[in-house]
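# Architecture and fold: a report
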Amino acid sequence: MRYDKPKVVSIKKIIEENSRVKSFLFDLEIQAKPGQFVMVWIPGYDEKPFGVILKDGAGLMITVAAVGRSTKALHQMKAGNLIGIRGAYGSHFHLPSEAKSIALVAGGYGMVPLAYLAQEARKKNINVELFLGARTQKELLFASWMKEIGVKLHLSTDDGSVGHHGFVTEPFAEYVKNKQTDQVYVVGPEIMEYKVAQICYKKQVPFEVSVERYMKCGLGICGQCCVDNTGWRMCVEGPIINGEDLKKIIEFGKYHRTASGKVEYFPWVKKTKN
Ligand SMILES: Cc1cc2nc3c(=O)[nH]c(=O)nc-3n(C[C@H](O)[C@H](O)[C@H](O)COP(=O)(O)OP(=O)(O)OC[C@H]3O[C@@H](n4cnc5c(N)ncnc54)[C@H](O)[C@@H]3O)c2cc1C
Ligand code: FES
């Protein structure tokens, strides 16, 4: 079932994943595929998009990093408090019917949609190689859950506290040089997604990526999340885009639009221009 008006639900349980990230669980029947998102109304603040997980045995879960006003307010809420949920919305990941082995590349809360995808892939007995990166060991999301369901972990941390000391893209590039993979899925900061896309184009490996843009209505009406030059709405035609279609989104890896619609170049693009 999809909800186009906010469905008021109480928070069933809150899990502190690390000092910046909490998961919120709800009793709500909803249909959602890996890669889709819900719009969450945080009373007194705003409505914001978050990736969905339908976790086996736990139900609907969102996992939120406290980065600004609304997400910090959400982190202050307690079990039993009420919030509003609409959705699920957007495009979703596809698992090729013949897939034997897939690779996931995740950075930060990008692990949210990929954890749900990994769960579904393991149910189909698909081998899942997960390249998971974070600043420190404590910030690696869902590593023990993934291990439990038989996902093969390739960890990277910026401070070297565990796994590869450096960017997650480095062990991933080594992996695709030597190993066969049917499809790659990537979600994380856009610079990371851009690098993975370049590696996949070079090695001719099919991939899907989540292209996140500022969202207001979340269901295709306001035009806030349209991308150049296609005009595709990232809340309807996206956020999950395949590698071939991604070539048509000229702003990918270069710029995005702020809440007011102003074009804002990513910091790494400015640096190369100066
Ligand atoms: C499809 C999609 C899925 C997402 N999934 C998750 C998730 O699973 N977990 C998670 O922690 N975060 C997720 N986000 C990001 C999350 O929506 C923002 O972190 C949140 O909206 C920040 O709100 P704020 O008021 O706390 O911060 P603000 O201070 O308002 O913003 C901080 C930053 O968050 C981003 N942001 C703010 N508002 C929006 C918006 N309406 N739409 C898109 N980006 C916004 C902007 O980049 C902004 O610079 C997702 C975003 C999108 C588009
Ligand atoms: S957020 Fe309104 S069209 Fe996508």
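Model, not experiment: these values are computed from the prediction. (Residues numbered from 1 in each chain as written. Chains lettered and ligands numbered in written order. Predicted model: local features only at pLDDT ≥ 70, side-chain atom pairs only at ≥ 80, totals over all residues. Heavy atoms only, no water.)

This part takes up the site of ligand 1. Taken together, 19 residues are adjacent to ligand 1, and Lys 48, Pro 49, Ala 65, Thr 71 and Met 215 come closest. Between ligand 1 and the protein, one listed contact pairs a nitrogen atom with a backbone N or O atom of Thr 63 at 2.8 Å. Met 215 places a polar main-chain atom, nitrogen or oxygen, 2.8 Å from a nitrogen atom of ligand 1. Protein burial of ligand 1: of its 860 Å² of free accessible surface, 77% is covered by the chains. Elements that contribute at least two residues to the shell around ligand 1 include exactly strand E4 (46-51), strand E6 (59-65) and helix H1 (69-76). At 4 residues, E4 tops the list of elements feeding residues into the shell around ligand 1. Among the residues making up the shell around ligand 1, the classes are represented as 10 nonpolar, 5 polar and 4 charged. Two domains each donate at least three residues to the shell around ligand 1, and these are domain 1 (3-89) and domain 2 (101-265). (Near = heavy atom within 4 Å. Polar contact = N/O pair within 3.5 Å; in protein donor to acceptor, adjacent residues only side chain to side chain. Areas by Shrake-Rupley, 256 points an atom, 1.4 Å probe, with all protein chains shown as cover. Helix = DSSP H or I, 4+ residues; strand = E, 2+ residues; numbered from the N terminus. Nonpolar A, V, L, I, M, F, W, Y, C, P; charged D, E, K, R; others polar. Domains from an automatic or database assignment.)

In this structure, Ala 88 follows Gly 87 across a cis peptide bond, with omega equal to 5°. Considering the arrangement of structural elements, one finds Ala 88 in strand E7 (residues 82-89). In this chain, Gly 238 is followed by Pro 239 through a cis amide linkage whose omega measures 10°. Relative to the assigned elements, Pro 239 resides in the loop between strand E13 (207-210) and strand E14 (240-242). Positive phi, close to 65°, is recorded for Phe 142, a residue that is not glycine. We classify Phe 142 as buried; its relative accessible area is 7%. A positive phi angle is found at Gln 204, which is not glycine, with a value near 55°. Within the fold, Gln 204 resides in the loop between helix H5 (190-203) and E13. (Buried < 20%, exposed > 50% of the residue type's maximum accessible area, 1.4 Å probe, protein only.)

A word on H5. When the terminal C-alpha atoms of H5 are compared, their 20 Å separation across 14 residues agrees well with the 20 Å that a helix rising 1.5 Å per residue should span. Among all positions of H5, only Glu 190, Met 192, Glu 193, Val 196, Ala 197, Ile 199 and Cys 200 are buried. (Expected span 1.5 Å × (residues − 1).)

Our focus in this paragraph is the sheet that holds E4. Read from one edge to the other, the open sheet built from 7 strands follows the order E4-E3-E7-E1-E2-E6-E5, with strand pairing classed as antiparallel. Of all strands in the sheet, those with a lone pairing partner are E4 and strand E5 (53-55), marking the two edges. Neighbouring strand axes in the sheet, compared pairwise and without regard to direction, differ in orientation by 40° on average. Note that strand E3 (residues 37-42) and E4 share 6 bridges and pair antiparallel. Its bridge partner lying in E4, Val 40 is registered against Lys 48. Lying over the sheet, H1 contacts strand E2 (21-26), E3, E4, E6 and E7, oriented at roughly 125° with respect to E6. (Pairing = 2+ DSSP bridges. Axes fitted to C-alpha atoms, helices over the stretch in contact; angles between N-to-C directions. Contact = heavy atoms within 4.5 Å.)

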